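As a plain string of letters, each chain reads:
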Amino acid sequence: MDSSSWADLLELTLEPLRTGNIALHDLNDNLFLTGEYALGIITYEELIQLEQQGSDLEWKLVTMPTHPAEPDLSHHYVLDGMWAIPASSTESDAAWELIRFFMSDQTAKWSYRSVYGFSSLTAYTSMGQSTSDIEAFYKLRPAYRTSPVPSTIFELLNEAIEQAITGNASAEQALAEIAKKEIQ
């Protein structure tokens with residue numbers, strides 16, 4: 001894509017952001033949770049908040065969109081903690097015992113739905129009294145590809161979008177600024 005095509009794409013994104021038809025909110029200002037928006041990408045913490053708010057809002061969990069060629073894979077998959085035993089460990093047997101304990105049925109029963117999310121042991125996952133279906137959390141497998149785009153580009157893009165939304169720069173100017181910063 002040439003730079004004018006990127007500017008056109010950015011301009012298509014900016015209009016719904018400017019008008020509020022698409023909104024990017026922080027945890028304390030999510031208009032989906034208040035019922036003002038029909039769709040939201042929410043975190044586990046927001047799911048808990050949604051359940052606890054006791055509103056009449058009717059909602060359902062679904063997966064993030066997938067690519068038709070890989071409908072069972074998702075790039076929106078978060079593993080929030082992993083255990084590893086260093087090769088140089090002098091206590092590898094004890095470390096394995098600790099990992100076995102953390103992955104045991106007993107531990108899953110204690111914390112199947114902790115502040116960190118759901119257990120990887122699906123036999124211990126449920127929404128309790130809630131009528132929500134949590135299948136969406138377990139339906140997709142992670143896509144193990146890394147992005148060829150450096151994370152700094154996303155930070156620069158967010159800055160450019162903010163500049164363009166507020167009218168401080170056109171889409172082309174904002175993208176040119178990204179190019180300048182990335183080259184430096």
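Bear in mind the structure is a predicted one, so any value in this text is a computation, not a measurement.

The rules behind each value
- Residues numbered from 1 in each chain as written.
- Predicted model: local features only at pLDDT ≥ 70, side-chain atom pairs only at ≥ 80, totals over all residues.
- Heavy atoms only, no water.
- Helix = DSSP H or I, 4+ residues; strand = E, 2+ residues; numbered from the N terminus.
- Buried < 20%, exposed > 50% of the residue type's maximum accessible area, 1.4 Å probe, protein only.
- Contact = heavy atoms within 4.5 Å.
- Salt bridge = Lys/Arg side-chain N within 4 Å of Asp/Glu carboxyl O.
- Core = buried A, V, L, I, M, F, W, Y, C linked by side-chain atoms within 4.5 Å.
- Expected span 1.5 Å × (residues − 1).
- Arc of directions from axis to C-beta.
- pLDDT = per-residue confidence, 0-100.

**Q** Teacher, can you tell me more about the side chain of S74 here?
**A** With respect to the helices and strands, S74 occurs in strand 1 (residues 73-74). The class for S74 is buried, based on a relative accessible area of 4%. Every residue in contact with S74, bar those within four places of it in the chain, is listed here: L140, R141, P142 and A143.

**Q** Would you take a moment to explain the pattern of salt bridges for this structure?
**A** Two side chains carrying opposite charge are able to pair once their charged atoms lie near each other. Scanning the entire structure with this criterion turns up two salt bridges. With a closest N to O distance of 2.8 Å, R141 and D72 form a salt bridge. With R141 in strand 4 (residues 141-142) and D72 in the loop between helix 2 (44-52) and strand 1, this pair connects stretches of sequence that are 69 residues apart. Exposure remark for D72: the relative accessible area of 33% places this residue in the partly exposed category. As a salt-bridge pair, R100 and E97 come within 2.9 Å of each other at their nearest N and O atoms. On the criterion of helical spacing, the pair formed by R100 and E97 is a turn pair, its members being three residues apart in helix 3 (residues 92-102). Judged by relative accessible area, R100 falls into the partly exposed class, the value being 48%.

**Q** Quick question: what am I supposed to make of the nonpolar core here?
**A** General note: in soluble globular proteins, nonpolar side chains tend to be found buried as a group. Membership of the largest hydrophobic core is limited to seven residues, which are A7, L10, L14, L17, I161, A164 and A171. Residue contributions to this core peak at four residues, all from helix 1 (residues 3-19). Grouped together as the second largest cluster of nonpolar side chains are five residues, L156, A160, A169 and A174 included.

**Q** What exactly am I supposed to notice about helix 6 (residues 151-165) here?
**A** Counted at 1.5 Å a residue, the expected span for helix 6 with its 15 residues is 21 Å, and the 21 Å between its end C-alpha atoms agrees. Turning to helix 6, its buried residues are L156, A160, I161 and A164. Down the axis of helix 6, the buried side of the element spans an arc of 140°, and every buried residue falls inside it. Relative to its buried face, helix 6 has exposed residues pointing more than 90 degrees away, namely S151 and N158.

**Q** It is not clear to me how the confidence of the model for the chain should be interpreted in this structure. Could you clarify?
**A** Caution applies to low-pLDDT parts of the model: their predicted coordinates are not meant to be read in detail. Per-residue pLDDT for the chain has a mean of 76; in total, 74% of the residues score no lower than 70. Here strand 2 (residues 113-114) is the element of the chain with the lowest mean pLDDT, 58, and helix 3 is the one with the highest, 90.

**Q** Where do I start with the environment of F102 in this structure?
**A** Along the chain, the position of F102 falls in helix 3. Exposure remark for F102: the relative accessible area of 34% places this residue in the partly exposed category. With 19 residues separating them in the primary sequence, F102 and W83 have C-alpha atoms 9.7 Å apart. Sequence-distant contacts of F102, that is, excluding residues within four places in its chain, are made with W83 and T107.

**Q** How do you make sense of helix 2 when you look at a structure like this?
**A** Owing to its 3.6 residues per turn, the α-helix aligns residues three or four sequence positions apart on the same side. Along helix 2, the residues classified as buried are Y44, E46, L47 and L50. All buried residues of helix 2 lie within an arc of 155° about the axis, which places them on one face of the element.

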